[in-house]
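# A look at the structure
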Amino acid sequence: MFTSQTSSFQESIDVEERDDFDSEDISGYSQKTQLNCYYTIYLYQGTRSEASGENVAWNQRRADSTTSQEDFSLTLIDSSLPSEAEPELRTYISRRLSKGALLGGMGNIATVELSLPEEAVGCYCCLLEQERSPEQPDADGNGYVICFMGGSEKGLNLFRLELDKYVQGLHSSLQTPELQNLETEVRPYLSRWYEESVMHIYRVVQLVQSNISFLLHAALSHTHVEVVNSDERTKGDVSRFIKAASLQGLAQQDTTAASLCKAISEEPQCDLVIDCSASPPTLLNTVSNRFCDDWNQAFLNAAERCNPFLLRQILENFKLKAIQDMNSLKRLVRQAEMSHYALFRCCQFLQGCGNGDVLLQNARVEHSDMPEACSIIAVLEEFLREQSQAQA
């Protein structure tokens, strides 16, 4: 039983050695250089929508950058792609739109082959529709198609939620088809998509280095993390890392995961403080366990490769392993209500998994209205305390 458990845990950590993460996701990062990333924004117009004379004149000036289909037109506004690659992307997006494969506000990720050095890249596309006027609720809508390209399809899929949120941040800047704020707002915003949506996990690992286990434990145990003497970007990066490392939303139908999200230790918790007044930063009120410590090296190895996609995959594996261990403990606690041997197995499991404090915190909350289970959890907590004292 425990040999199998150890093997499964090692497989979770050693994601970078497995075949399920494409080799091209890794190869572009060996020299610590950022991969090539691109953006494109198109104006989308339904052909039955009435356009003002100013809009018509603007479209005429961009006639060579417009692709028309039966019921819509797609006009290039701005792109960082090479000139030979952009028409290829526009043709691809037009096909997707004609098939109804791009839904308003929902990002779509696929692999596209363009005239780029990488040839095939991951492409995130999202249609942002403008609100329709009350006078013409049934008219074909106008909007914008935003595309981000870089890395692989599998890599971008790991950051789908971040990309969706980032695109939604453009709504307030996309007021008119002419986009007079293109130079001052829209283009700079689009140019930062990779740094803002993908690189935050990498920056946090680089910031705290081997102390990453303290942040992982804080995320699992719902400990508040405060960043002091730092800029707003670093504070935002740490906040997003903690949110990404927590189990909230990982398995919405799993009551065990939901319980962990609500679990708060009965004992008062001190905030984890990251003081960035010096380099490297100082961490105060640190708490970790063997489970979180064991993941340190995997994060450091991925950061050494400068691969944010691999870092995110490791983070997802970390969360999945925590969920699996919680489910295992839940089954053992149920069995222990009827079997002393199962109680012994609970003790062995908690001793072996290295994450007993977090698992029991969750179990205590989840079983708070079940007296028999609570008595078992109390025995397990006493067992862990004795083990900790013996090791000390």
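Before any of the text, the structure's been laid out above.
In what follows, the accompanying structure is described.

Analysis parameters
- Position numbers for residues start from 1 in each chain and track the written sequence from start to end.
- For this predicted model, a pLDDT threshold of at least 70 governs which residues receive local features, and a threshold of 80 or more governs which side-chain atom pairs are given and counted, while totals over whole chains, interfaces and linings are taken from all residues.
- To get the side-chain values, take all heavy atoms of the structure and skip hydrogens and water.
- Here a strand is any run of E in DSSP of at least two residues, a helix any run of H or I of at least four, and the numbering for each starts at the N terminus.
- Residue burial is assigned from relative accessible area. The probe radius is 1.4 Å, only protein chains are included, and a residue is buried under 20% of its type maximum, exposed over 50%, and partly exposed in between.
- We call two residues in contact whenever any of their non-hydrogen atoms come within 4.5 Å of each other.
- Criterion used throughout: strands pair if DSSP finds at least two bridges between them.
- Fitting a line to C-alpha atoms yields each axis, with helices limited to the stretch in contact; the angle taken between N-to-C directions then spans 0 to 180 degrees.
- Our angle categories are set so that under 35 degrees counts as roughly parallel, over 145 as roughly antiparallel, 65 to 115 as roughly perpendicular, and the remainder as oblique.
- Under the convention adopted here, Pro, Cys and the residues Ala, Val, Leu, Ile, Met, Phe, Trp and Tyr are nonpolar, Asp, Glu, Lys and Arg are charged, and Gly plus all remaining residues are polar.
- Grid spacing is 1 Å over the protein atoms alone, the probe is 1.4 Å, and a cavity is where that probe fits but cannot get out, while a pocket is an open set with protein on both sides within 12 Å along at least five of seven lines and lining residues have an atom within 4 Å of a point.
- Grid points are joined across faces, edges and corners, and a volume is the space filled by probe spheres set on the points.

Let us look at the overall build of the protein. A tally of regular secondary structure across the protein gives 18 helices and 9 strands. In the protein, which comprises 392 residues, the share counted as buried stands at 51%. Put simply, of all contacts in the protein between residues at least 6 apart along the chain, 73% involve residues at least 24 apart.

Strand order in the open sheet made by the 3 strands is β7-β8-β9, with mixed pairing throughout. Single-partner strands in this sheet number two, and they are β7 (225-228) and β9 (282-284). Across this sheet, the average inter-strand angle for adjacent strands is 20°, counted without regard to direction. Packed on one face of the sheet, helix α11 (residues 232-245) meets β7 and β8 (272-275) and runs near 165° to β7.

Now for the packing of helix α9 (residues 200-208) against helix α15 (residues 308-336). Their axes nearest at 8 Å, the elements α9 and α15 cross at an angle of 85°. When the interaxial angle is binned, α9 and α15 end up roughly perpendicular. Here I201, Y202 and V205 of α9 come into contact with α15, specifically with P308, L311, R312 and L315. Its residues assigned to classes, the contact of α9 with α15 shows 6 nonpolar, no polar and 1 charged.

What follows covers empty space enclosed by the protein. Under the definition given, this model contains 1 cavity of 30 Å³ or more. Estimates place the volume of the largest cavity at around 30 Å³. Forming the walls of the largest cavity are M326, L329, K330, L359, N362, A363, E366 and H367. Across the lining of the largest cavity, the residue classes tally to 4 nonpolar, 2 polar and 2 charged.

Within the secondary structure layout, T91 lies in helix α4 (residues 86-98). With 17 residues separating them in the primary sequence, T91 and L74 have C-alpha atoms 9.4 Å apart.

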